[in-house]
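# Structural overview for review
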Amino acid sequence: GLKIKHKEKGAKEVNMFVGRFQPFTLGHVKVVEHLHKQNGLPTVIFLVKAKAKKKEDGFKRPFDETMQVNMIKQVMKEYPIETVYVIDTAAIDKMFNAMRPKYEPVLWGTGSDRLKTYSYQVDNPKYRKELGVDDSFRLEEIPRTDDNISATKVRNALLDGDEKTYQKMTPKSMHKMYKLLKQTIEESVELQE
């Protein structure tokens with residue numbers, strides 16, 4: 001069963017989006033904008049920071065929580081993002097506990113790659129009943145395409161010193177962070193080696 005702290009609905013309707021955001025890219029912006037076009041609501045970001053370290057983290061997860069939250073705060077100035085929560089797992093009860101009583105999710109935006117995983121939680125009748133969600137609460141798939149911007153491509157651009165490509169794949173509000181992000185990923189990869 002779920003561990004739910006607030007069974008009553010949150011006061012303000014929002015959309016939600018879960019990810020690692022290593023770093024935040026225009027691909028992530030695409031999800032936020034897509035959700036906003038569906039219902040005019042802002043998005044609550046869930047930044048997943050696993051507690052356990054992995055060998056490949058030097059390249060895959062070079063940015064710490066403080067830097068990631070700072071990135072998202074920059075992006076909030078440019079796009080309809082309400083707030084950011086840091087969680088250690090994308091468990092639906094953890095996210096609802098973080099949001100309520102302030103927020104109530106309407107749509108959960110996700111790329112095609114995560115649809116199956118999140119569908120299990122969102123479409124589970126037992127979970128829906130325990131959470132007390134509206135019938136309209138659902139996943140909103142944002143299909144991935146070949147021209148999608150991946151965080152891996154952005155990290156590679158940072159490592160290659162390719163600021164032009166970095167700028168093409170990230171929100172304008174993050175362009176001034178280029179040198180800091182470049183230095184951080186270089187140090188992180190160096191430590192890994």
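Before going into details, it helps to say that this report is about the structure given with it. (Residues numbered from 1 in each chain as written. Predicted model: local features only at pLDDT ≥ 70, side-chain atom pairs only at ≥ 80, totals over all residues. Heavy atoms only, no water.)

### A closer look at the layout of surface pockets
A water-sized probe, rolled over the atoms, reveals where empty space remains. By volume, the largest pocket amounts to about 1100 Å³. Forming the walls of the largest pocket are 49 residues, and the residues nearest its centre are Gly19, Arg20, Phe21, Gln22 and Arg114. Within the residue set of the lining of the largest pocket, elements represented by two or more residues are β1 (12-19), α1 (26-39), α2 (57-60), α3 (65-76), β4 (103-111), α7 (151-160) and α9 (178-192). In the lining of the largest pocket, the residues fall into 15 nonpolar, 16 polar and 18 charged. (1 Å grid on protein atoms, 1.4 Å probe; cavity = no way out; pocket = protein on both sides within 12 Å on 5 of 7 lines; lining within 4 Å. Points joined across faces, edges and corners; volume = space filled by probe spheres on them. Helix = DSSP H or I, 4+ residues; strand = E, 2+ residues; numbered from the N terminus. Nonpolar A, V, L, I, M, F, W, Y, C, P; charged D, E, K, R; others polar.)

### A short note on α3
Relative to the 16 Å expected for 12 residues at 1.5 Å per residue, α3 spans 16 Å between its end C-alpha atoms, a close match to the ideal helical length. For α3, the complete set of buried residues consists of Met67, Gln68, Val69, Met71, Ile72, Gln74 and Val75. (Expected span 1.5 Å × (residues − 1). Buried < 20%, exposed > 50% of the residue type's maximum accessible area, 1.4 Å probe, protein only.)

### Here's the deal with the pairing of strand β2 (residues 43-48)
Within β2, six of the six residues are buried, which leaves it mostly tucked inside the rest of the structure. Here β2 shows two buried faces, one formed by Thr43, Ile45 and Leu47 and the other by Val44, Phe46 and Val48. Summarising the sheet, β1 and β2 pair through five bridges and their orientation is parallel. Its bridge partner being in β2, Phe17 is matched across the sheet by Ile45. Following the backbone out of β1, through α1 and into the adjacent parallel β2, one traces a crossover that is right-handed. Alignment of β2 against strand β3 (residues 81-87), held across six bridges, turns out to be parallel. Paired with Ile45 across the strands is Val84, a residue of β3. (Pairing = 2+ DSSP bridges. Right-handed = clockwise from strand over helix to strand, strands pointing away.)

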